[in-house]
Amino acid sequence: YPSLPSAVSSIIRSEGLKGFYRGWWVALAQKIPSYGLTWVLFQQLKRGYESFSGEKATGRASFVMGALAAAGGTTVMNPMDTIKTRLITQALDAKEPYKGVLDCFIRVTREEGVGTFYRSLPPRLLSVVPMIAIQFGVYEYIKANIVRTREEEEVGSSNNILKRDKDVRTG
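## Examining the pattern of salt bridges
Within the structure shown, the criterion is met by 7 salt bridges. Taking the shortest distance from any N to any O, the salt bridge between R107 and D103 comes out at 3.3 Å. Remark: D103 and R107 occur in helix α4 (residues 101–112); sequence separation between them is 4 residues, near one turn of the helix. Residue R107 is classed as buried on the basis of its relative accessible area of 13%. Between E111 and R107 there is a salt bridge, with its nearest N and O atoms 3.7 Å apart. Taken together, the residues span about one helical turn, with E111 and R107 both in helix α4 at a distance of 4 residues. Exposure remark for E111: the relative accessible area of 53% places this residue in the exposed category. Among the charged side chains, a network of salt bridges with common partners joins K46, E140 and K143.

In structure tokens:
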């Protein structure tokens, strides 16, 4: 499409409103497992770090573990990302459009080879790894500050109760 307005009008004319959601299910089938896997990898790395070091992970350590988890999750899920991209971007009037996820996987493997699923891995890692690393680093930093603030409030509240009880007994 030469421009956004041209794309919008063309999609509405050829497919209607549903054309904007073509590929939505396959995108969910790629995104949900990918984020789930990244989260699991991050939690496992964090558990290992805390067990090995004997201390809670810092924001900086969480940043690094987030990067590693994102790299692992992205690498494992890249074939599905390739399939999702192919299904979403294929032309409606393609000579032989893919019939679905399995058809796309089989045809790409047969016609182009398994390596095709990893051809887009370097740029994908460059876009995903920093984003997820920042996300986990910031998340853990904020979570630690919230927990610390709550603990300080609880200690302050307990101290006030103890002081009040002491004042009642002595007063």
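Structure's up, so let's keep going.
## Notes on the packing of aromatic side chains
Counted according to the given criterion, the structure contains 6 aromatic pairs. Taking 4.8 Å as the distance between ring centres and 75° as the angle between the ring planes, the aromatic pair formed by W24 and W25 counts as edge-to-face. Its relative accessible area of 44% is what places W24 among the partly exposed residues. Residues F42 and F136 carry aromatic rings whose centres are separated by 4.0 Å and whose planes lie at 10° to one another, so their mutual orientation is stacked. Linking F42 in helix α2 (residues 24–53) with F136 in helix α5 (residues 121–170), this pair joins segments that are 94 residues apart in sequence. Note on accessibility: F42 and F136 belong to one class, buried. Through a chain of ring-to-ring contacts, three or more aromatic side chains come together here, namely W39, F42, F136 and Y139.

Scoring rules and cut-offs
- Residues numbered from 1 in each chain as written.
- Predicted model: local features only at pLDDT ≥ 70, side-chain atom pairs only at ≥ 80, totals over all residues.
- Heavy atoms only, no water.
- Salt bridge = Lys/Arg side-chain N within 4 Å of Asp/Glu carboxyl O.
- Helix = DSSP H or I, 4+ residues; strand = E, 2+ residues; numbered from the N terminus.
- Buried < 20%, exposed > 50% of the residue type's maximum accessible area, 1.4 Å probe, protein only.
- Phe/Tyr/Trp six-rings, centres within 6.5 Å; stacked < 30°, edge-to-face > 60°.

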